[in-house]
Amino acid sequence: MEILKINGLAKNFYLHNHGLEIKSCHNINLILNKGEFIGIVGPSGAGKSTVLKCINRSYLSTHGDIFYDSEAFGWINLATASEREILYLRNHEIGYVSQFLNVMPRTTAKEHVMNAIIDMGQNTEAAELNACEILSYFRLPENLWGIYPATFSGGERLRLNLAHAMIKNPRLLMLDEPTASLDDKTKILVKDMLIKLKDRNTSMIGIFHDIEFMEGVCDKVFNISDGAFLS
Amino acid sequence: MSLNETSVLSVKNLVVRYGSGCDACQESLEKNRCKLCGSVWAANDISLDVYPGEVLGIVGESGSGKTTLMRSLYFDFQPTSGSATLRDYKNSRKNIWDVSAAEQRLIKNTIMGMVYQSPALGLRMDYSAASNIAEKIIAAGSRNAGTMTKRAVELLEAVEIMTSRMNEAPKNFSGGMQQRVQISKALANNPALLLLDEVTTGLDLSVQAKVLDLIRRIKAKYGISILLVSHDLAVIRMLADRTIVMLDGKIAESGLTDQILEDPQHVYTQQLVHSLI
Ligand SMILES: Nc1ncnc2c1ncn2[C@@H]1O[C@H](COP(=O)(O)OP(=O)(O)OP(=O)(O)O)[C@@H](O)[C@H]1O
Ligand SMILES: Nc1ncnc2c1ncn2[C@@H]1O[C@H](COP(=O)(O)OP(=O)(O)O)[C@@H](O)[C@H]1O
Ligand SMILES: [Mg+2]
Ligand SMILES: [Mg+2]
Ligand SMILES: [Zn+2]
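Reading the values: rules and limits
Here the residue numbers are simple positions, counted from 1 along each chain's written sequence. Following the order in which they are written, the chains are lettered starting with A and the ligands numbered starting with 1. Totals for whole chains, interfaces and linings use all residues, but because this is a predicted model, local features are given only for residues with pLDDT of at least 70 and pairs of side-chain atoms are given and counted only at 80 or more. Any residue whose C-beta atom, as set from the backbone, lies within 6 Å of a molecule or strand is reported as near that molecule or strand. In DSSP terms, a helix is any run of H or I states spanning at least four residues, a strand is any run of E spanning at least two, and both are numbered starting from the N terminus. Only Asp, Glu, Lys and Arg are considered charged in this grouping, and only Ala, Val, Leu, Ile, Met, Phe, Trp, Tyr, Cys and Pro are considered nonpolar; every other residue, Gly among them, is considered polar. Axes here refer to lines fitted to C-alpha atoms; in helices the fit is confined to the stretch in contact. Angles between the N-to-C directions go from 0 to 180 degrees. Convention used here: angles under 35 degrees read as roughly parallel, angles over 145 as roughly antiparallel, angles from 65 to 115 as roughly perpendicular, and any remaining angle as oblique. For a crossing to be left-handed, the near helix must be turned anticlockwise from the far one by less than a right angle; the clockwise case is right-handed. The contact criterion used is a C-beta to C-beta distance within 7 Å, with each C-beta placed from the backbone. Being paired, for any two strands, means DSSP has found at least two bridges between them.

*Asks:* Help me understand the site of ligand 1 in this model?
*Replies:* Close to ligand 1 lie 13 residues; Ser-24, Ser-44, Lys-48, Ser-49 and Thr-50 of chain A are nearest. The residues that come close to ligand 1 belong to more than one chain, namely chains A and B. Broken down by element, the residue count for the shell around ligand 1 peaks at three residues, all from helix 1 (residues 48-56) of chain A. Its residues placed into classes, the shell around ligand 1 shows three nonpolar, seven polar and three charged.

*Asks:* Even after reading the chapter, I still don't get the packing of helix 3 (residues 109-118) of chain A against helix 4 (residues 124-137) of chain A, so can you show me in this structure?
*Replies:* Helix packing geometry: the angle between the two helix axes and the distance between the axes. All names here are of chain A. Running from N to C, helix 3 and helix 4 cross one another at 125°; their axes reach a closest spacing of 8 Å. Here helix 3 lies oblique to helix 4, going by the angle between them. By crossing handedness, the relation of helix 3 to helix 4 is classed as right-handed. Only Thr-124, Ala-127, Glu-128, Asn-130, Ala-131, Ile-134 and Leu-135 of helix 4 make contact with helix 3, whose side of the interface consists of Lys-110, Val-113, Met-114, Ile-117 and Ile-118. Residue composition of the contact of helix 3 with helix 4, grouped by class: eight nonpolar, two polar and two charged.

*Asks:* For this particular structure, what's the right way to read the sheet that holds strand 12 (residues 228-229) of chain A?
*Replies:* Across a sheet, strands are paired by hydrogen bonds formed along the backbone, either parallel or antiparallel in direction. Residues and elements named next belong to chain A. The mixed open sheet is built from six strands, whose spatial order is 8-9-10-5-11-12. Two strands lie at the open edges of the sheet, namely strand 8 (94-97) and strand 12, each paired on one side alone. Pairing of strand 8 with strand 9 (residues 172-176) involves four bridges; the strand directions are parallel. Pairing of Val-97 across the sheet is with Leu-175, part of strand 9. The sheet strands contacting helix 1 are strand 5 (37-41), strand 8, strand 9 and strand 10 (203-207), and the helix crosses strand 9 at an angle near 150°. Packed onto the sheet, helix 5 (residues 154-166) meets strand 8 and strand 9 and runs at close to 170° relative to strand 8.

Below, the structure written as structure tokens:
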């Protein structure tokens, strides 16, 4: 059963000041089934992150449709849905994990994770319980919970970002290079977590660099340069 | 399910013009000023909606009309034309710029709270912090001194002003404290809509962080809708769900905040965002 259908997606950037049109991804056609995990590979600059950002609507698509079978609204085109619908979906159904930190100043790791659901109206006590549970689940060492994540290592940031996204229990999750700059030991940990997410039936699209890592996690691998799945 | 939300505030075609205007104004504007007749179009056809529980950010350079929009909404002056409706005032059926001054006072005191860019506009600097809050509560019709004091304590605690200082006048307070007193005053009557104009401008970074965190908590706790003006993109990034970019009294573009920051469409927004990176 399909959860996401991307048809003819293209994204161009018009940089007015430079009189420049930058063509990012083009003619992307992709189907993600429920509970499936698709890995995206391709050379630097090929438009991998662009595709994820168009799905998340951080970028406005130039051409094409991104149909998503939502729980709340049924099939909806993420390329053209209203801003309020997108905000609703981001709160309840769709998660995005980047390799970067995006935290409020003077917010501890635990508060950061709690805020994700406090912002949705959950009370502080329940949010704290949930945050502790999810931070343990993703094995962020407990002595880091109370400090500001600015000093976290790449692997710790990633686990924090995963916890921040997963506390809302999204059914569609996008991961932009979750294994970039991680050592082999941490990669195994991440692989473990992604398998756990799969067991929870989360549908996922992730950008990866090493094919080896994707074995045993990704069901399919999509090569963005030729717009087709690797066999 | 469909979202089908009613906006808390809906503004349509707001115009605030200084000067008499001429037939050729719109074709003769240099920034927001008509070259022929010299009229200034401080707000030039602004339309927007604020939805339940959201923070709508407004960014734009100095002079783009942000404060003009906010002060029109708070009835500080009568706009040239346009309409605004509130969900909580006659079910959005009446243009609030068309009702009597008495009705407008009622709206200000029960449905809206305002935090001005300059604290001197929002506070009586010589009255105590507690009296500033009491004044707002009285304006909404309450007369009970006991509940008023209780409410003042509660509000000042919420913004982390020590109650031991509630009888002091804001003129003795730091800029950050004054803004927090303004915020507590604005919240006094549980408004549905909070108008915040540059609340963190001019505060040092650690105080800014405190005020931002306070706004986040207020939003989460009271589910209040917020119109947040700032020229600081970092503030907008942290707090706003959606963002409107203003330029020369007009809306240059609007969208989800992360989209505005990461994929700006308008030449002005691109300059604004890219000059920061
Ligand atoms: N916000 C943007 N503004 C202008 N151009 C952009 C923007 N985002 C991406 N691009 C351009 O789109 C193209 C694709 O970028 P994208 O980040 O999607 O590549 P990528 O496949 O993720 O590359 P990498 O592996 O290096 O991260 C590049 O030419 C990039 O410069
Ligand atoms: N009372 C006034 N008389 C004439 N022009 C005014 C008046 N108030 C504001 N303006 C003009 O309207 C424009 C918008 O001002 P304002 O809304 O205060 O800008 P912002 O808050 O975005 O810095 C500016 O060009 C300003 O000079
Ligand atoms: Mg990338
Ligand atoms: Mg201003
Ligand atoms: Zn004119």
